[in-house]
Amino acid sequence: MNKALALLLLMGVFISCTKEPSQLSVASPSGTNSIDFGLSEDGTPYYLVHHGNETVIDSSSMGFDFQHQKPLKTGLSIVSSTENLVNETWEMPWGEQKEVVNHYNELVVTLEESEAPNRQFNIYFRVYDDGVGFRYEFLPQEGVDSIIIMDENTEFQLTEDYTTWWIPGDWDIYEHLYNTTKVSEIDALSKRNNTDLAASYIPENAVNTPVTMRGENGLHLSFHEANLTDYSGMTLKVDTEFWLLTSELVGSDRSGYKVKRELPFKTPWRSIQIADKASELIESKLIVNLNEPNKLGDISWFEPKKYVGIWWEMHVGKSTWDYAGSQDMNTFTQDLKPTGKHGATTENTKRYIDFAAKNNIKGVLVEGWNTGWEHWIGVEDREGVFDFVTPYPDYDLDELNRYAKEKGVEIIMHHETSAAPRTYEQQLDTAFQLMKKYDMSSVKTGYVGKIIPKGEYHHGQWMVNHYRKVLETAAGYKVAINAHEPIKPTGIRRTYPNAIAREGLRGQEFNAWSADGGNPPEHLPIVAFTRMLAGPIDFTPGVFDIEIPNKEDNRVSTTLAQQLALYVVIYSPVQMACDLPENYENQPAFQFIRDVGVDWDETHVLNGEVGDYVTIARKERKTGNWFVGGITDENAREVSINFDFLDDGVEYEAAIYKDAEGAHYENNPTAISIEEINISKGSALTVQLAEGGGFAISLIKKK
Ligand code: NOJ
Ligand code: CA
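Criteria and cut-off values
- Residues numbered from 1 in each chain as written.
- Chains lettered and ligands numbered in written order.
- Predicted model: local features only at pLDDT ≥ 70, side-chain atom pairs only at ≥ 80, totals over all residues.
- Heavy atoms only, no water.
- Pairing = 2+ DSSP bridges.
- Helix = DSSP H or I, 4+ residues; strand = E, 2+ residues; numbered from the N terminus.
- Axes fitted to C-alpha atoms, helices over the stretch in contact; angles between N-to-C directions.
- Contact = heavy atoms within 4.5 Å.
- Phe/Tyr/Trp six-rings, centres within 6.5 Å; stacked < 30°, edge-to-face > 60°.
- Buried < 20%, exposed > 50% of the residue type's maximum accessible area, 1.4 Å probe, protein only.
- Lys NZ or Arg CZ within 6 Å of the ring centre and 35° of its normal.
- 1 Å grid on protein atoms, 1.4 Å probe; cavity = no way out; pocket = protein on both sides within 12 Å on 5 of 7 lines; lining within 4 Å.
- Points joined across faces, edges and corners; volume = space filled by probe spheres on them.
- Nonpolar A, V, L, I, M, F, W, Y, C, P; charged D, E, K, R; others polar.
- Domains from an automatic or database assignment.
- Salt bridge = Lys/Arg side-chain N within 4 Å of Asp/Glu carboxyl O.
- Near = heavy atom within 4 Å.
- Polar contact = N/O pair within 3.5 Å; in protein donor to acceptor, adjacent residues only side chain to side chain.
- Areas by Shrake-Rupley, 256 points an atom, 1.4 Å probe, with all protein chains shown as cover.
- Buried area = accessible area lost by both parts, 1.4 Å probe.
- Arc of directions from axis to C-beta.
- Core = buried A, V, L, I, M, F, W, Y, C linked by side-chain atoms within 4.5 Å.
- Right-handed = clockwise from strand over helix to strand, strands pointing away.

Notes on the sheet that holds strand 27 (residues 499–502)
Through backbone hydrogen bonds, the strands of a sheet pair up, either in parallel or in antiparallel fashion.
Right, on to step 1. Strand order in the open sheet formed by seven strands is 27-26-25-24-23-22-28, with parallel pairing between adjacent strands. The open sheet terminates on both sides in strands that have one partner only, identified here as strand 27 and strand 28 (574–576). The average undirected angle you get between the axes of adjacent strands in this sheet is 30°.
Right, on to step 2. Inspection of the sheet shows strand 24 (residues 410–416) paired to strand 25 (residues 442–446) by four bridges, in the parallel sense. Along strand 25, the bridge assignment pairs Met413 with Val443.

This is the structure in structure tokens:
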């Protein structure tokens, strides 16, 4: 008897143990979703997923290819199976909601090869009312310490030619625009050669996850993975003719394999969110539920916060990260001559600290404070360029941390690794010790460029382990991580809550400089139903100077009201007000950013369609105040809100920030109207959204 089985027996949850049944089934608690599992004639494992009367995943096989071992695919038989019902509620330390219900039926199947070497492995299926997850467990093999996976071949056989929102299966970056096509029309290779991307590698016609789909009858599916630990990120190879997706793990040219692991081990979960309405995808907690509970214990040392920063001014070209502004990136000169455009000066940082302190904003991010920025990009050998402790001569670390504290503000550390993770790992302890010295509780990290050593990719096992090492080391120093150019979120924040947020999408910054004119208005109405299903996003909303006068060819393609709505629509426990302080001065609309919460008791997705629009209401934890945000794509539309989610018997003072008449993201983006009314449970409201527009409502409890 294997250990897992023994454990289940002990727990008294053992329900059945059958010798070689032909087919096994397990249904979700309410019965809406179910999985069938079986073995084909040649002993190949396959599964099917049903939703109601529909088959959403038709017979799909599972298997692995290895180095030095024959494939694991055929000749298998079922040794045993157990079923296990779990219904528990856990608390998020911060999040979209406080309590999360984790309610599923689990089926564990133990398989064995009938021929030598008679390898055994387990498959765990968990069936929820909002989707399914399954993972493999490789069991001990005699005389074998570790295995090398050359390919995982998990199939997902779709049953129709779904409308699909996808980005290419890029091994280095997620910062692509989403495409909307039928499965049969997915062409990831056409997304190669994107000159806006610092590193990009798209080896085949595969998509990244989460990838979201809608069927003819309105069924929504989103494919992703959960608990990506010591394994490679999964892309999905697309067979456009047969609507078949197959797992394609990110590789490494250095090692020549996909994954190397010691036995025994479990793979990440392969997950499918299943929803009748698009809005349910956002409300689903499947991805965090498939992860393990908090391993860090008390994490009250981090508090969700809004932040401003010396950041957008570099992206729009007002100032620079580097102090010397060396034109010749390859000549390192100790004799740095200031250009006078350096952003991270003591004086400028104090200006941001003052602004934050005045406006109920608790964090100030400072980029370009440390030496090395003369050599961070366009240079082959970037090892050793940054040390994360040496400030430029015009940045007074001691004084600024003292000043920030005095003002009740915290400086957010910045570590741009320039994709040299070995250097970063060597520096980690020194870097975090410096942060501890100043009580800094969070750091934004970055991995711009091609990974050094050559041959590794951002999303392969080697880097997955690097990102985890940073997270674990940081936790030891009570430091929280907001990673840019990260590995995708897979719900790890449940286990390591110090994984507060990450980028991992085309962020606001593209509006400042991308050659293709920035993010189109449909971008965020797609992101809310794709990337956001995976976890918190550091999108950096809040541009008020929408047309970016500094930059002739760049602008933001939303209205001002939509920039406000993003504080509610996009979830993150760190939420930037990214524009320059001077652009917020004397702007009545800035009041919404002062007021809006960052940590929530409840979230309700009031309506939405992928790529078109979405409205979300969230209740702030500390105050019980509610905030509502709605955004639309390039189409104007009318949205009706029924306030039946509000608390009974409470009256709220509502401030409604919406597109004024004649607003339009292209030619009249800042026309905003602000209206104050009283609202209580049962009130109703109709709001007009302009093209590329939105609205934001604060509902402050009346005393
Ligand atoms: C890319 C990040 O996404 C951006 O926010 C940051 O400013 C630059 N790297 C520099 O680190
Ligand atoms: Ca980026």
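With respect to the sheet that holds strand 19 (residues 259–262)
Right, on to step 1. An order of 5-10-19 is seen for the three strands of this open sheet, with the pairing classed as antiparallel. Each edge of the sheet is formed by a strand with only one pairing partner; in this case those strands are strand 5 (64–66) and strand 19. Ignoring strand direction, the axes of neighbouring strands in this sheet form an average angle of 45°.
Right, on to step 2. As paired strands, strand 10 (residues 146–152) and strand 19 are joined by four bridges and run antiparallel to one another. Bridging across to strand 19, Ile148 finds its partner in Lys260.

Observations concerning the environment of Asn208
Right, on to step 1. Counting through the fold element by element, Asn208 comes out in the loop between strand 14 (206–207) and strand 15 (211–214).
Right, on to step 2. Between the C-alpha atom of Asn208 and that of Trp171, which follows or precedes it by 37 residues, the distance is 8.9 Å.
Right, on to step 3. Setting aside its immediate chain neighbours within four residues, Asn208 contacts Ile167, Pro168, Gly169, Asp170, Tyr174, Met234, Thr235, His459 and Lys488.

A closer look at the packing of aromatic side chains
Right, on to step 1. A complete count under the given rule lists 40 aromatic pairs for this structure.
Right, on to step 2. Pairing Phe544 with Phe590 gives two aromatic rings, centres 6.3 Å apart and planes at 75°, and the pair type is edge-to-face. Linking Phe544 in the loop between helix 10 (523–527) and helix 11 (560–569) with Phe590 in helix 13 (residues 590–595), this pair joins segments that are 46 residues apart in sequence.
Right, on to step 3. Its relative accessible area of 5% is what places Phe544 among the buried residues.
Right, on to step 4. Through a chain of ring-to-ring contacts, the aromatic side chains of Phe37, Tyr47, Phe64, Phe66, Phe121, Phe125, Phe134, Tyr136, Phe138, Phe156, Phe223 and Phe265 assemble into a single cluster.
Right, on to step 5. If you follow Arg494 out to its NZ or CZ, it ends over the ring of Trp90, 4.0 Å from the centre.

A look at empty space enclosed by the protein
Right, on to step 1. One pass over the full model with this rule turns up nine cavities of 30 Å³ or more.
Right, on to step 2. Space inside the largest cavity adds up to approximately 200 Å³.
Right, on to step 3. Of all the secondary-structure elements, those providing two or more residues to the lining of the largest cavity are helix 8 (461–476), strand 26 (480–483) and strand 27.
Right, on to step 4. Of the residues forming the lining of the largest cavity, the biggest block, five residues, is contributed by helix 8.
Right, on to step 5. Partitioned by chemical class, the residues of the lining of the largest cavity number 14 nonpolar, two polar and three charged.
Right, on to step 6. Its boundaries defined by the atoms lining it, the second largest cavity holds a volume of some 100 Å³.
Right, on to step 7. Lining of the second largest cavity is provided by 13 residues; of these, Met92, Pro93, Trp94, Arg493 and Arg494 occupy positions nearest its centre.
Right, on to step 8. Partitioning the lining of the second largest cavity into residue classes produces eleven nonpolar, no polar and two charged.
Right, on to step 9. Both domains that meet at the lining of the second largest cavity, namely domain 1 (3–289) and domain 2 (301–504), each give it at least three residues.

Let's talk about the pattern of salt bridges
Right, on to step 1. A complete count under the given rule lists 35 salt bridges for this structure.
Right, on to step 2. Ionic pairing is found between Arg402 and Glu399, a salt bridge with its closest N-O pair at 3.0 Å. Taken together, the positions of Arg402 and Glu399, both in helix 6 (residues 397–406) and three residues apart, correspond to about one turn of that helix.
Right, on to step 3. In this structure, Lys681 engages Asp648 in a salt bridge whose closest nitrogen and oxygen atoms are separated by 3.6 Å. Placement of Lys681 in the loop between strand 34 (672–680) and strand 35 (684–689) and of Asp648 in the loop between strand 32 (637–642) and strand 33 (651–659) is noted, with a sequence separation of 33 residues between them.
Right, on to step 4. Taking the relative accessible area as the measure of exposure, Asp648 reaches 61% and is therefore exposed.
Right, on to step 5. A network of salt bridges, in which partner residues are shared, links Asp151, Lys237, Glu248 and Lys258.

Description of the site of ligand 1
Right, on to step 1. In the vicinity of ligand 1 there are 14 residues, among which Glu367, Glu416, Lys444, His484 and Glu509 approach most closely.
Right, on to step 2. The separation between an oxygen atom of ligand 1 and a polar side-chain atom of Glu367 is 2.6 Å.
Right, on to step 3. At a separation of 2.8 Å, an oxygen atom of ligand 1 approaches a polar side-chain atom of Glu509.
Right, on to step 4. Contact with the protein chains covers 97% of the free accessible surface of ligand 1, which is 290 Å².
Right, on to step 5. Across the shell around ligand 1, the residue classes break down as five nonpolar, three polar and six charged.

Some points on the domain arrangement of the protein
Right, on to step 1. One can read the domain layout of the protein as domain 1 (3–289) and domain 2 (301–504).
Right, on to step 2. Taking the mean C-alpha position of each, domain 1 and domain 2 sit 35 Å from one another.
Right, on to step 3. Taken over both partners, the interface formed by domain 1 and domain 2 buries close to 3000 Å², and the fraction arising from carbon and sulfur atoms is 51%.
Right, on to step 4. The three residues of domain 1 that bury the most area against domain 2 are Trp94, Tyr174 and Arg254, which together make up 27% of that side's buried surface.
Right, on to step 5. Notably, a salt bridge pairs Glu225 with Lys488, separated by 2.9 Å at the nearest N-O pair.

Structural notes on helix 6
Right, on to step 1. Those residues of helix 6 that fall on the buried side of the exposure criterion are Leu397, Leu400, Asn401, Tyr403 and Ala404. One side of helix 6 carries all its buried residues, which in axial view fall inside an arc of 160°. Facing away from the buried side of helix 6 by over 90 degrees, the exposed positions are Lys405 and Glu406.
Right, on to step 2. For helix 6, the secondary structure elements touched by its buried residues are helix 5 (346–358), strand 24 and helix 7 (421–437).

A short note on the nonpolar core
Right, on to step 1. Within the largest apolar cluster, 174 residues are counted, with the highest numbers of intra-cluster contacts made by Phe37, Tyr47, Phe125, Phe138, Ile149, Phe223 and Phe432.
Right, on to step 2. Taken domain by domain, this core gets at least three of its residues from each of domain 1 (3–289) and domain 2 (301–504).
Right, on to step 3. Not counting residues within four places of it along the chain, the set of residues in contact with Phe138 comprises Phe64, Phe66, Leu72, Phe121, Ile147, Ile149, Leu263, Pro264, Phe265 and Thr267.
Right, on to step 4. In this structure, Val639, Phe645, Val650 and Leu699 belong to the second largest nonpolar core, which totals 19 residues.

A word on the pairing of strand 23 (residues 363–366)
Right, on to step 1. Here strand 23 shows a buried face lined by Gly363 and Leu365 and a second buried face lined by Val364 and Val366.
Right, on to step 2. Of the strand pairs in this sheet, strand 22 (residues 305–310) and strand 23 are connected by four bridges, and their pairing is parallel. Residue Ile310 lies in a different strand from strand 23, and its bridge partner there is Val366.
Right, on to step 3. By the bridge criterion, three bridges tie strand 23 to strand 24 in an arrangement that is parallel. The partner of Leu365 across the bridge, within strand 24, is Ile412.
Right, on to step 4. Of the crossover connections in this fold, the one passing from strand 23 over helix 6 to the parallel strand 24 is right-handed.

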